[in-house]
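# A look at the structure
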Amino acid sequence: MGKKKKIVGKPADRHSSNGRGQRAPQSLGPSQRSYTILDYQLEKPSFSIRQVRKGDEVRYEVTGDLSAPVPPIRESKYLDRKQCLEIYRWMLLNRKMETALENLYKQGQVVGGVYFGLGQEACSCASAYALQKDDWLGPMIRNQGSLLVRGFSARDIMMQYMAKAGSPTKGRDASSHFGDIEKRNVVSPISTLGDLIPVLAGVALGARLQGRNIAVMTYVGDGGQSTGVTYEGLNFAAVQDLGLVLFVENNLWAYSTPADMQFRVKDLAERAIAYGIPGVIVDGTDACQVYDAAHEACERARRGEGPTLIEAKMMRMKGHAIHDAAEYVPKPLFEYWHKRDCIARFENYLVNVKKWLSQTENRELITGVDQQLEADRDFAVASPMPEPESAAGGVYCESRCHQIRPKYGVPKAKMNAPSGLKPTRASVHLK
Ligand SMILES: Cc1ncc(C[n+]2csc(CCOP(=O)(O)OP(=O)(O)O)c2C)c(N)n1
Ligand SMILES: [Mg+2]
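Residues numbered from 1 in each chain as written. Chains lettered and ligands numbered in written order. Predicted model: local features only at pLDDT ≥ 70, side-chain atom pairs only at ≥ 80, totals over all residues. Heavy atoms only, no water.

### Quick notes on the overall build of the chain
Broken down by element type, the chain carries 12 helices and 10 strands. Counting all 431 residues of the chain, 51% fall into the buried class. Considering only residue pairs separated by 6 or more positions, the chain has 75% of its internal contacts joining residues 24 or more positions apart. Total accessible area computed for the chain in this model is approximately 20,600 Å², and 53% of it derives from carbon and sulfur atoms. (Helix = DSSP H or I, 4+ residues; strand = E, 2+ residues; numbered from the N terminus. Buried < 20%, exposed > 50% of the residue type's maximum accessible area, 1.4 Å probe, protein only. Contact = heavy atoms within 4.5 Å. Areas by Shrake-Rupley, 256 points an atom, 1.4 Å probe, with all protein chains shown as cover.)

### Some thoughts on the site of ligand 1
Around ligand 1 lies a shell of 13 residues, among which Arg142, Ser191, Gly224, Asn251 and Trp253 are the nearest. Take Leu193: an N or O atom from its main chain is 3.1 Å from a nitrogen atom of ligand 1. Within the backbone of Gly224, a nitrogen or oxygen atom sits 2.7 Å from an oxygen atom of ligand 1. In the complex, 68% of the free accessible area of ligand 1, which totals 590 Å², lies under the protein chains. (Near = heavy atom within 4 Å. Polar contact = N/O pair within 3.5 Å; in protein donor to acceptor, adjacent residues only side chain to side chain.)

### Re the coordination of the magnesium ion (ligand 2)
Taken together, the protein ligands of the magnesium ion (ligand 2) are Asp222 (OD), Asn251 (OD1) and Trp253 (O), with distances of 2.0 to 2.2 Å. Sequence positions of the donors to the magnesium ion (ligand 2) reduce to the motif D-x28-N-x1-W. Of the two residues, Asp222 sits in the loop between strand E5 (216-221) and helix H6 (228-239) while Asn251 sits in the loop between strand E6 (244-250) and strand E7 (253-254), which places them 29 residues apart along the sequence. Note on accessibility: Asp222 and Asn251 belong to one class, buried. (Donors = N, O, S within 2.8 Å, 3.2 Å for Na, K, Ca; no water.)

### Topic: the packing of aromatic side chains
Applying the stated criterion to the full structure yields 10 aromatic pairs. Following the ring pairs from residue to residue traces out a cluster consisting of Phe47, Tyr336 and Trp337. The ring of Phe152 carries Arg184 above its face, with NZ or CZ at 4.0 Å from the centroid. Here the guanidinium or amino end of Lys318 rests over the ring plane of Phe116, the centre of that ring lying 4.9 Å away. (Phe/Tyr/Trp six-rings, centres within 6.5 Å; stacked < 30°, edge-to-face > 60°. Lys NZ or Arg CZ within 6 Å of the ring centre and 35° of its normal.)

### Thoughts on the state of the cysteines
Scanning all chains against the criterion turns up zero disulfides. Here Cys288 stays free of any disulfide, with the sulfur of Cys84 as its closest cysteine sulfur at 4.6 Å. Note on Cys342: no disulfide assigned, nearest cysteine sulfur contributed by Cys125 at a separation of 8.2 Å. By relative accessible area, Cys342 is classed as buried at 1%. (Disulfide = S-S within 2.5 Å.)

### Topic: the packing of helix H10 (residues 342-353) against helix H11 (residues 359-382)
Contact pair H10 / H11: the axes reach a minimum separation of 10 Å and the direction vectors enclose 145°. Handedness of the H10/H11 crossing: right-handed. Contacts between H10 and H11 pair Glu347, Val351 and Asn352 from the former with Gln359, Asn362 and Ile366 from the latter. Of the residues that constitute the contact of H10 with H11, the class distribution is two nonpolar, three polar and one charged. (Axes fitted to C-alpha atoms, helices over the stretch in contact; angles between N-to-C directions. Left-handed = near helix turned anticlockwise from the far one by under 90°. Nonpolar A, V, L, I, M, F, W, Y, C, P; charged D, E, K, R; others polar.)

### Focus on the pairing of strand E10 (residues 308-313)
In terms of burial, E10 is a largely internal element, six of the six residues being buried. Burial of the side chains of E10 extends over both faces: Thr308, Ile310 and Ala312 are buried on one face and Leu309, Glu311 and Lys313 on the other. Direction of pairing for E6 relative to E10: parallel, over a ladder of six bridges. Paired with Glu249 across the two strands is Ala312, which belongs to E10. Taken together, the five bridges between strand E9 (residues 279-283) and E10 define a ladder with parallel strand orientation. When the bridges of E10 are listed, Ile281 appears paired with Glu311. Read from E9 through helix H8 (residues 287-302) to E10, the crossover connection turns out right-handed. (Pairing = 2+ DSSP bridges. Right-handed = clockwise from strand over helix to strand, strands pointing away.)

This is the structure we're talking about:
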């Protein structure tokens, strides 16, 4: 052991969305550990939100640099023109479908509420776009764009919200509580925040036991990441080197609780350090950054090297759900993020910066999305509600009504590492 040195840190300025002016040591002594969090952002939002009380009234105020110029889109290391245009189309479909759902709700066609991913379309669509066929997805309620990319249609999602007989759950559940474990490798969203993390880690472990390393992607919010199960699931994935790609969607609000009242770290990606896994920060409104980070994390997962935590910074541009008018959000914050709208910026990048899309082609693309949505919406509205006598059907598994077979191979009774796979800690434990 070397002689212990007293570390004297020179105060450094903090720039963060929850910048509380904490100090970090500027120079590190020889025995001091240092960690790097990969940061793809071209801008580091610099403001804080605090609770102000005046008598009985409680409200939030935002202070900081809200007039900063809007950053450009970061050039992707991997995406080509065709892929960018596909992601852009998914993002448009995502947004327009949610607008259609809002209208259907107002027309009394929706059973229950509607959840929106407004402002978060780049995060949902570009992340899921990095998955391959054999990978898995566990979306949350704001990730309807991920469901579209993974092969569900806008018609499926609209019918689900309307509880129609032909919807994915045949009218037995509302909103986006559905998945498809047979064809699309999608685990249904779990409302209990954080619970998808150990479930997806389990999917990766299952595939590993069948001889495959796959990427399993899921999401948790800035609020949801405070749960105990987030720690348990992520730690389990870390020690077992499971291919979990966890997007921490820091959209600054957990219902009406601002991020500054949710956690004390500068960036949520820093949590990765405590798990011993890579942590990455992306601007969640930049589709290229989201894709690049997701792609790299998926590749790492498929190599059997373990999980990655990606913090996507953005803003929830609507209330928690349709019943929540988000009156508690300071207006200047909406204005700041409205200028950073992920679709408008990506459109500008494709049309004006890269010139990959002419104005006419862009208009045609948008019209195509509108037409598809109109047809899907009309079909969904005209389709029947379920018959009452069907209510209990399919709720319980009766007499082996569906068999769950291994997808990737026969589980090894003795866990010797399959050829081409790195021996893992899981294999050691199971010997
Ligand atoms: C364990 C748990 N606690 C509380 C809730 C109730 N709840 C549902 S959504 C929500 C806010 C979630 O905020 P965040 O995780 O930031 O996700 P966002 O809605 O911003 O996408 C809360 C508290 C829940 N579903 N599960
Ligand atoms: Mg949130």
